[in-house]
Amino acid sequence: MKVQDIYLSPRTILSYLQDIERKIPHSEFSLYKPSVEQVSSVDDELLYTETVRMAESVGLKNYQVNVKFIKCKKGEGGNINLGHNADRNLNINVSEEYRSNWTATIAVLAHEICHKVLFVNGLHFPLESMNEVYTDLATIYVGFGELILNGYNTSTDSGTHLLGYLTPSTYRVTHLIVKCVFIEGSVMESDSGFDVFADIAVENWNKDEDKQQVMKSFFIKREEQMAECHRNILLLEGMLRQLRTDMRYDFDKLDNGFFKAPYDKTGKMRYPLAAFSEIYEYAVYEKSSHLAKLSKAINDAIYTLYLVYQEKGNYEMRYNFSCPFCEAKGKNKSIENRVAVIKCPSCGRHYTFDARTWNITSRQRELDDERRQKERKEKAEMEAFKLEVTEKITSMADKKIMEAQQKASQEVEEIRANEQQRAQEAMVQQLPSWLRWMVKRYII
């Protein structure tokens, strides 16, 4: 496994950190500060004293420390001999390459010490990659986060090396989560690398100093959803119980009418009117079957629930084979994938059972057909509406045209009448004055 190969989402980081927290809960938390900020060359004494100091800070007090620089394999920053759980020795080797690089040296020490911390607390996995991932996260959980971030990218005589197994953003996000949770007043950095959910979680976490109150408010919100779902389940169960009672009544009528000694010893039907009545009732019932509507509603509910569960993972559709009268359960492979009339071996009553497999594909096809029919109906209604609007617009346009023509005709008539009057007045003006008064009486 190469460095920088493993990316963990904030959700996964939190899941792994919780595993570590359950095994190694914090009594108090602080970020570890090394005894010296920087040195040009790390001698054996400084290496030893810093290792003891770091070990004590994570609960490995009074452990026998044996630490030294050695020549390690290429790409290996260091190693540790874990021994067994009761072994109180801390045997750590650090790569000789890092003798001149103090930040790399203490980053390697942090990683190897945390291997021991997890080991003695029972967090050890058969898979090496999981051990390395948990160890890298543990370095940050115990307070070595800044050491890891500072020592991740290291330079030696042989070139630049990257320490650790996780991506840089994973280390940074883990450090920010740990700081946010354990150090009061810590704020999220602008370029944190968090996803949007982690950003929201940090914002909500920092809203109130009383973390119990924060937890309580979110518990209530989550509980509201669960409470609503629980209420709906109870309502559905109540309605289904009522439906089962109604069906039991119908089953009872059919059982008594058709299966309880309908013929006498001579083979003659004993209650022909009862049988005819049931056929008549079915004809009436078929026209307005509330049970068919209820079955469709239940099918819709089953289908919706199935889709929701499929989002979470595979869910197999199962049902119980039971009598609607005495609720005795049973199996009968001879009626698989068909509808059959069954005589209950427990109570002796007859009922019909649909043993066909609940077909998801068929239900999806039915819903698609319903959707297409609805779309066609909506399209037809829209076309009819458009036609009606068009007819109204056309009618209004025709009416306006007619009104405009009538108005134009009236205006023309008025113009003609005015012109005729002006012509008459002009003609009168041309007559002699002695004759004008007489003519004017008859023309105007």
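Draft legend 1. Fine view of unusual backbone geometry. A positive phi angle is found at asparagine 62, which is not glycine, with a value near 65 degrees. Summarising the element assignment, asparagine 62 is placed in the loop between α2 (44-57) and β1 (64-70). Among the residues examined, asparagine 62 registers a relative accessible area of 64% and is labelled exposed. Non-glycine residue glutamate 327 carries a positive phi angle of around 60 degrees. With respect to the element layout, glutamate 327 can be found in the loop between α9 (290-312) and β6 (339-343).

Draft legend 2. Here's a closer look at the side chain of histidine 111. Tracing the backbone shows histidine 111 in helix α3 (residues 102-120). Here histidine 111 falls in the buried class, since its relative accessible area comes to 10%. In contact with histidine 111, other than residues within four places in its own chain, are Glu132, Thr135, Asp136, Thr139 and Tyr165.

Draft legend 3. Summary view of the packing of helix α1 (residues 10-23) against helix α4 (residues 128-151). Where α1 meets α4, the closest approach of the two axes is 10 Å, and the angle between their N-to-C directions is 80 degrees. Taken together, α1 and α4 sit at an angle that is classed as roughly perpendicular. Side by side, α1 and α4 meet where Ile13, Tyr16, Leu17, Asp19, Ile20 and Glu21 of the first sit next to Met130, Val133, Tyr134, Leu137, Ala138 and Tyr141 of the second. For the contact of α1 with α4, the per-class residue count stands at 10 nonpolar, no polar and 2 charged.

Draft legend 4. Main features of α3. Taking 1.5 Å per residue, 19 residues should reach 27 Å; α3 reaches 27 Å between its end C-alpha atoms and fits that length. Positive phi shows up at glycine 122, right after α3, with a value of about 85 degrees.

Draft legend 5. Structural context of the pattern of salt bridges. Evaluated as defined, the whole model comprises 13 salt bridges. Notably, a salt bridge pairs arginine 53 with glutamate 50, separated by 3.5 Å at the nearest N-O pair. One end of the pair is arginine 53 and the other is glutamate 50, both in helix α2 and 3 residues apart, which spans about a single turn. Classification of glutamate 50 as buried rests on a relative accessible area of 0%. Arginine 371 serves as the salt-bridge partner of aspartate 368, at 3.9 Å between the closest nitrogen and oxygen. You can see aspartate 368 and its partner arginine 371 sitting in helix α10 (residues 360-429), 3 residues apart, about one turn around the helix.

Draft legend 6. Representation of the packing of aromatic side chains. Enumeration according to the criterion identifies 5 aromatic pairs in this entry. On the basis of an interplanar angle of 85 degrees and a centroid distance of 5.4 Å, the ring pair of tyrosine 32 and phenylalanine 144 is categorised as edge-to-face. Of this pair, tyrosine 32 sits in the loop between α1 and α2 while phenylalanine 144 sits in helix α4, and the two are 112 residues apart along the sequence. Across the pair, phenylalanine 144 and tyrosine 32 agree in class, each one buried. Each residue in the set Tyr16, Phe125 and Tyr134 is aromatic and connected to the rest through ring pairs, giving one cluster. Against the face of phenylalanine 325 rests arginine 349, its NZ or CZ located 4.8 Å from the ring centre.

Draft legend 7. Inspection of the pairing of strand β2 (residues 78-81) at higher detail. Of the two faces of β2, the one lined by Gly78 and Ile80 is fully buried and the one lined by Asn79 and Asn81 carries no buried residue. Where β2 lies against strand β3 (residues 89-95), 4 bridges are found, and the strand directions are antiparallel. If you follow glycine 78 over to β3, its bridge partner there is valine 94.

Draft legend 8. A look at the packing of α4 against helix α5 (residues 168-182). Interhelical geometry of α4 versus α5 gives an angle of 105 degrees and a closest axis separation of 9 Å. As summarised for this structure, α4 and α5 are arranged roughly perpendicular, according to the angle between their axes. Counted together, Asp136, Leu137, Ile140, Tyr141, Gly145, Glu146, Ile148 and Leu149 of α4 and Tyr171, Arg172, Thr174, His175, Val178 and Phe182 of α5 form the full contact between these two elements.

Draft legend 9. Summary view of the nonpolar core. Counting residues in hydrophobic clusters, the biggest one holds 57 residues, and the most contacted among them are Ile20, Leu137 and Phe144. Sorting the residues of this core by element identifies α1, α2, β1, β3, α3, α4 and α5 as the ones contributing at least two each. Looking at which element gives the most residues to this core, the answer is α3, with 12 residues. Residues within four places of leucine 137 in sequence aside, it is in contact with Leu8, Ile13, Tyr16, Leu17, Ile20, Leu166 and Thr174. Counting 9 residues, the second-largest nonpolar core is a separate cluster that includes Phe251, Phe325, Cys344 and Tyr351.

Draft legend 10. Inspection of the sheet that holds β3 at higher detail. Spatially, 3 strands are ordered β1-β3-β2 in an open sheet, and the strand pairing comes out mixed. Sheet topology places β1 and β2 at the edges, where each strand pairs with a single neighbour. Here the average twist between neighbouring strands, direction ignored, is 15 degrees. Across the face of the sheet, α2 comes into contact with β1 and β3 while running at roughly 135 degrees to β1. Seen against the sheet, α3 touches β1, β2 and β3 and runs at an angle of roughly 145 degrees to β3.

Draft legend 11. Main features of α2. With 14 residues, α2 ought to run about 20 Å at 1.5 Å a step, and its terminal C-alpha atoms sit 20 Å apart, in line with that. Residues of α2 that are buried include every one of Leu46, Leu47, Glu50, Thr51, Met54 and Ala55, and no others. Each buried residue of α2 sits inside an arc of 155 degrees when the element is viewed along its axis, so together they form one side. Check the buried side of α2 and you find it contacts β1, β3, α3 and α4. With its phi angle positive at about 95 degrees, glycine 59 sits one or two positions after the end of α2.

Each value, and the rule that gives it
Residues numbered from 1 in each chain as written. Predicted model: local features only at pLDDT ≥ 70, side-chain atom pairs only at ≥ 80, totals over all residues. Heavy atoms only, no water. Helix = DSSP H or I, 4+ residues; strand = E, 2+ residues; numbered from the N terminus. Buried < 20%, exposed > 50% of the residue type's maximum accessible area, 1.4 Å probe, protein only. Contact = heavy atoms within 4.5 Å. Axes fitted to C-alpha atoms, helices over the stretch in contact; angles between N-to-C directions. Parallel < 35°, antiparallel > 145°, perpendicular 65-115°, else oblique. Nonpolar A, V, L, I, M, F, W, Y, C, P; charged D, E, K, R; others polar. Expected span 1.5 Å × (residues − 1). Salt bridge = Lys/Arg side-chain N within 4 Å of Asp/Glu carboxyl O. Phe/Tyr/Trp six-rings, centres within 6.5 Å; stacked < 30°, edge-to-face > 60°. Lys NZ or Arg CZ within 6 Å of the ring centre and 35° of its normal. Pairing = 2+ DSSP bridges. Core = buried A, V, L, I, M, F, W, Y, C linked by side-chain atoms within 4.5 Å. Arc of directions from axis to C-beta.

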